[in-house]
Amino acid sequence: MEIVVTGRNTEVQGRFRAHAEEKLAKIEQYTPYAQRVEVEITHETNPSQVETSERIEITVRDKGPVVRAEASASDRFGALDLASQKLFERLRRRHEKKKNRRKGERRDEVPQDLPIDELLAKHKDVEEVEEPTRPCAVGEAVETQLGDSPAIVRQKLYEAKPMSVEQAIDEMELVGHPFYLFIDEETKQPCAAYRRRGWTYGVIRLDATTGAYGPGTPA
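Small disclaimer: the values here were computed from a predicted structure and weren't measured.

Sheet strands pair by backbone hydrogen bonding; their relative direction is either parallel or antiparallel. Strand order across the open sheet formed by 4 strands is β1-β2-β3-β4, with mixed pairing between neighbours. Pairing within the sheet leaves two strands with one partner each, and these edge strands are β1 (2-8) and β4 (67-73). Put simply, the sheet's adjacent strands are angled 15° from each other on average, direction ignored. Bridge count between strand β3 (residues 54-61) and β4: 7 bridges; the pairing is antiparallel. Its bridge partner lying in β4, I58 is registered against A69. Contacting β1, β2 (36-43) and β3, helix α1 (residues 14-24) crosses the sheet at an angle of about 140° to β1.

Here is the structure:
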């Protein structure tokens, strides 16, 4: 299992790299087929965010869907501890689901690749341009300034593979996101699954067959 530690707007010291590798080695206990673990450190330079200035994002890639967790703290060692706890819990839940599936619980087949958040391993540099643009290649990320405002828009192109609503919700929970974009395997409609209150979820569907929007039609 390969563990890759990278920094964004910061350098990664050897002491932290060794600590992360030692701490995350136990991932193999939950997923023995893990091929790669990516740890990305982001440093926030804004003095008003000193309590959350170090953000850690951990991504596990194996033969199943991607599992991800992230956390922020005032120091990167603390952020790594928090992110690791979330990650191990998600891996444990996935392991339990696999055991239940083997016992005969009816489940749809899990796709081999995560269609929405899967190609972060490439760690491509953000393209900075003066005029708004869109990513052209799968996995490419582009950041552009919104007009004359200080707002920055980050766009990224992902590969989408059809799946069931149940699979989409499962993978949304594995990556810890509040929403998840996917293509419904039955209707072929673009959809967004999202969390509601408690253990309830919602799904928004787009009818892509109606053509261009008419006057007054909400996008």
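Structure shown, so let's carry the discussion forward.
Attention now moves to the side chain of R76. Inspection of the secondary structure assignment puts R76 in helix α3 (residues 76-102). A distance of 2.9 Å separates a polar atom in the side chain of R76 from the backbone oxygen of E11. When near neighbours in sequence (up to four residues on either side) are disregarded, R76 contacts T10, E11, V12, F16, I41, E54 and I56.

A ring pair, where both rings are aromatic, is described by two values, the distance of the centres and the angle of the planes. One pass over the full model with this rule turns up 2 aromatic pairs. Taking 5.8 Å as the distance between ring centres and 15° as the angle between the ring planes, the aromatic pair formed by Y30 and F88 counts as stacked. Note that Y30 is positioned in helix α2 (residues 27-30) and F88 in helix α3, a separation of 58 residues in sequence. Residue classification places Y30 among the partly exposed positions, given a relative accessible area of 27%. With relative accessibility at 13%, the residue F88 sits in the buried group. Across from the ring centre of F16, 5.9 Å away, lies the NZ or CZ of R76, which sits over that ring.

The next subject is the environment of Q85. Of note, Q85 is situated in helix α3. Here Q85 falls in the exposed class, since its relative accessible area comes to 54%. Q85 sits 16 residues away from A69 along the chain, and the two C-alpha atoms are 8.7 Å apart.

Further remarks concern α1. Given 3.6 residues to a turn, an α-helix orients residues that are three or four positions apart in the same direction. Every buried residue belonging to α1 is among F16, A20 and L24, and all of these are buried. The buried residues of α1 all sit within an arc of 50° when viewed along its axis, so they share a single face. Projecting away from the buried face of α1 at angles above 90 degrees are the exposed residues G14, R15 and E22.

Right, let's talk about the sheet that holds strand β8 (residues 162-163) for a bit. With respect to topology, 4 strands assemble into an open sheet ordered β8-β9-β10-β11, the strand pairing being mixed. Unpaired on one side and paired on the other, β8 and β11 (201-205) mark the two borders of the sheet. Taken together, the 5 bridges between strand β10 (residues 190-195) and β11 define a ladder with antiparallel strand orientation. Within β11, the position partnered with R195 by the bridge is Y201. Sheet strands in contact with helix α4 (residues 165-175) are β8, β9 (179-184), β10 and β11, and its direction is about 155° off that of β9.

Looking now at the environment of M1. Mapping M1 onto the fold places it in the segment before β1. Along the backbone, M1 and R61 are 60 residues apart, and their C-alpha atoms lie at a distance of 9.7 Å. Ignoring anything within four residues of it in the chain, the contact list for M1 reads L24, A25, I27, E28, A34, Q35 and V37.

Moving on, we get to empty space enclosed by the protein. Under the criterion given, the structure shown has 1 cavity of 30 Å³ or more. The volume enclosed by the largest cavity comes to roughly 30 Å³. For the largest cavity, the full set of lining residues is R90, R93, R94, K97, D170, E173 and L174. Breaking the lining of the largest cavity down by element, the ones donating at least two residues are α3 and α4. When grouped by side-chain class, the residues that make up the lining of the largest cavity number 1 nonpolar, no polar and 6 charged. Of the domains in this structure, domain 1 (2-102) and domain 2 (142-205) are the two that each give at least three residues to the lining of the largest cavity.

The rules behind these values
Residues numbered from 1 in each chain as written. Predicted model: local features only at pLDDT ≥ 70, side-chain atom pairs only at ≥ 80, totals over all residues. Heavy atoms only, no water. Pairing = 2+ DSSP bridges. Helix = DSSP H or I, 4+ residues; strand = E, 2+ residues; numbered from the N terminus. Axes fitted to C-alpha atoms, helices over the stretch in contact; angles between N-to-C directions. Contact = heavy atoms within 4.5 Å. Polar contact = N/O pair within 3.5 Å; in protein donor to acceptor, adjacent residues only side chain to side chain. Phe/Tyr/Trp six-rings, centres within 6.5 Å; stacked < 30°, edge-to-face > 60°. Buried < 20%, exposed > 50% of the residue type's maximum accessible area, 1.4 Å probe, protein only. Lys NZ or Arg CZ within 6 Å of the ring centre and 35° of its normal. Arc of directions from axis to C-beta. 1 Å grid on protein atoms, 1.4 Å probe; cavity = no way out; pocket = protein on both sides within 12 Å on 5 of 7 lines; lining within 4 Å. Points joined across faces, edges and corners; volume = space filled by probe spheres on them. Nonpolar A, V, L, I, M, F, W, Y, C, P; charged D, E, K, R; others polar. Domains from an automatic or database assignment.

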